[in-house]
Amino acid sequence: MESVKSQSYEVHINDLAKAALNQHIAKNSYSKLFLLVDENTKTHCLPIFKKILEKPVDSVLEIKSGEENKHIYTCLQLWEDLSNLDGDRKSLLINLGGGVLTDMGGFVASTFKRGIDFINIPTTLLSMVDASIGGKTGVDLGSLKNQVGVINQPEMVLIFPEFLNTLDSRQTKSGYAEMLKHGLIQDEAYWNDLLDKSNFTDASCIQKSIAIKNKVVLQDPTEQGVRKILNFGHTLGHAIESYCLENEDKKTLLHGEAIAVGMILEGYLSHELRGLSKLAVDEIKKGFLKHFEKVDFTEDDIANILRLLKYDKKNSHGNVNFVLLQAIGDAVTDIKVSEELFPKAFAFYRE
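These numbers come from a predicted model, not from an experiment.

Caption draft 1: Inspection of the packing of aromatic side chains at higher detail. For the coordinates displayed, the defined rule picks out nine aromatic pairs. Between Phe288 and Phe292, the ring centres sit 6.3 Å apart and the planes meet at 45°, which makes this aromatic pair tilted. The pair Phe288 / Phe292 is uniform in exposure class, with both members buried. Aromatic ring contacts, followed pair by pair, group Trp191, Phe288 and Phe292 into a single cluster. A cation over an aromatic ring shows up here: Lys285 above the ring of Phe348, its NZ or CZ 4.6 Å from the ring centre.

Here's what the structure looks like:
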């Protein structure tokens, strides 16, 4: 299976990934090799990784898993750990984990000593097809998603699908939502193929999603234009995710679960504002609800979710900007939505 070439690095899969990792470390005279894990990847993935890496790491750093730990205080501890363990500008940080860990590990590496090399080894489907690709790093500010960070590229991204065997089905489906998004914004045939696939975790599907995201990122590395299409479903989806995260009486949603809701809602907005056909909107709703349980939102929930929209990173000059679909496979950016449409979108989702 071929590697995917990005702007300044490559995404390697399986045997190519193992060879690329060991060649890179042999070629570069790193002063220290640091490995970042959480309690889950330490238990389930570290034993596998030790068989892949031919040279032992100098130190294993551990953080707590979960979005609630994706904040600057965790970074502070990691910076102190790296400093106390004699990390310098010639050190390498290998991030072994899901999107929270690769986002945060990339940010820590990008800022420690004004920047050290890092490699992402995503262990969840979501991080394989989304979080570890494109150079976005950072942390949350309170419950507000990804408010602090930088865009900085890893040395390489390494995909080992065998790590997916360590996940439960809910985590796997969270990544499936982002794969479906790739079809919705760029490739109708891929969307249709994924909807019918019983095994969406095979290497060919993962490679296809990576290729779609990579193609978009290459056109717009710093998200000034077309890269924004990757945020379809994320404007309302992130607000929903943040709201559920900060309210203890609400079930915390995984990223993909919240984005699935967001894509149904923003599909409805696409029908109202960009002419997406009613047939396509109904297909999007049916497709997601086939795989994701419907979330029960009260009127108060909806009002509070909509208040969070003002914090979305894509906003500018006080306007909330949306990515919408003109057709399945054809997305447009920077669409302003009038407030009276939001309750109608939620009504469509709830009916």
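Caption draft 2: Broad picture of the nonpolar core. Core analysis: the biggest nonpolar cluster contains 96 residues, and Ile240, Leu269 and Phe288 have the highest contact counts within it. Looking at this core, the element that brings in the most residues is helix 11 (residues 255-274), giving nine residues. Those residues in contact with Ile240 that sit more than four places away from it in its chain are Leu253, Ala258, Val261, Leu265, Phe297, Ile305 and Phe346. Core analysis: the second largest hydrophobic core is formed by 18 residues, Leu36, Leu78, Leu101 and Val108 among them.

Caption draft 3: Structural view of the pattern of salt bridges. Enumeration over the complete set of coordinates arrives at 15 salt bridges. Among the salt bridges present, the one from Glu10 reaches Lys5, with a minimum N-O distance of 3.0 Å. Between Lys70 and Asp103 there is a salt bridge, with its nearest N and O atoms 2.7 Å apart. Of the two residues, Lys70 sits in the loop between strand 4 (59-63) and helix 4 (72-84) while Asp103 sits in helix 5 (residues 99-111), which places them 33 residues apart along the sequence. Of the two residues examined, Lys70 and Asp103, each falls in the buried class. Linked by salt bridges that have partners in common, Asp130, Glu178, Lys181 and Lys213 make up one network.

Caption draft 4: The arrangement of unusual backbone geometry in detail. With a phi angle near 55°, Lys113 is a residue other than glycine that sits in the positive phi range. The topology assignment puts Lys113 in the loop between helix 5 and strand 6 (117-122). Judged by relative accessible area, Lys113 falls into the partly exposed class, the value being 42%. The residue Arg114 is not glycine, and still its phi comes out positive at about 65°.

Caption draft 5: Up close: the environment of Val217. Turning to its location among the elements, Val217 is positioned in helix 9 (residues 203-219). A relative accessible area of 2% means that Val217 is categorised as buried. Residues Val217 and Gln326, spaced 109 residues apart in sequence, show a C-alpha to C-alpha distance of 21 Å. Discounting residues that sit within four places of it in the chain, Val217 has contacts with Gly134, Arg227 and Leu230.

Caption draft 6: Here's a closer look at the side chain of Asp103. The class of Asp103 is buried, set by a relative accessible area of 12%. In contact with Asp103, not counting residues within four places along its chain, are Lys70, Ala131, Lys136, Thr137, Gly138 and Asn146.

Caption draft 7: Structural context of the layout of surface pockets. As a volume, the second largest pocket reaches approximately 320 Å³. Lining of the second largest pocket is provided by 21 residues; of these, Lys251, Leu253, Glu257, Glu293 and Val295 occupy positions nearest its centre. Of all the secondary structure elements, the ones that give two or more residues to the lining of the second largest pocket are helix 7 (169-186), helix 11 and helix 12 (278-291).

Caption draft 8: Just the packing of helix 7 against helix 9, in detail. It is at 10 Å that the axes of helix 7 and helix 9 come closest, and there the two elements cross at 50°. It follows from the interaxial angle that helix 7 and helix 9 lie oblique. Considering only the axes of helix 7 and helix 9, their crossing is left-handed. Contacts between helix 7 and helix 9 pair Met179, His182 and Gln186 from the former with Cys205, Ile206, Ser209, Ile212, Lys213, Lys215 and Val216 from the latter.

Scoring rules and cut-offs
Residues numbered from 1 in each chain as written. Predicted model: local features only at pLDDT ≥ 70, side-chain atom pairs only at ≥ 80, totals over all residues. Heavy atoms only, no water. Phe/Tyr/Trp six-rings, centres within 6.5 Å; stacked < 30°, edge-to-face > 60°. Buried < 20%, exposed > 50% of the residue type's maximum accessible area, 1.4 Å probe, protein only. Lys NZ or Arg CZ within 6 Å of the ring centre and 35° of its normal. Core = buried A, V, L, I, M, F, W, Y, C linked by side-chain atoms within 4.5 Å. Helix = DSSP H or I, 4+ residues; strand = E, 2+ residues; numbered from the N terminus. Contact = heavy atoms within 4.5 Å. Salt bridge = Lys/Arg side-chain N within 4 Å of Asp/Glu carboxyl O. 1 Å grid on protein atoms, 1.4 Å probe; cavity = no way out; pocket = protein on both sides within 12 Å on 5 of 7 lines; lining within 4 Å. Points joined across faces, edges and corners; volume = space filled by probe spheres on them. Axes fitted to C-alpha atoms, helices over the stretch in contact; angles between N-to-C directions. Parallel < 35°, antiparallel > 145°, perpendicular 65-115°, else oblique. Left-handed = near helix turned anticlockwise from the far one by under 90°.

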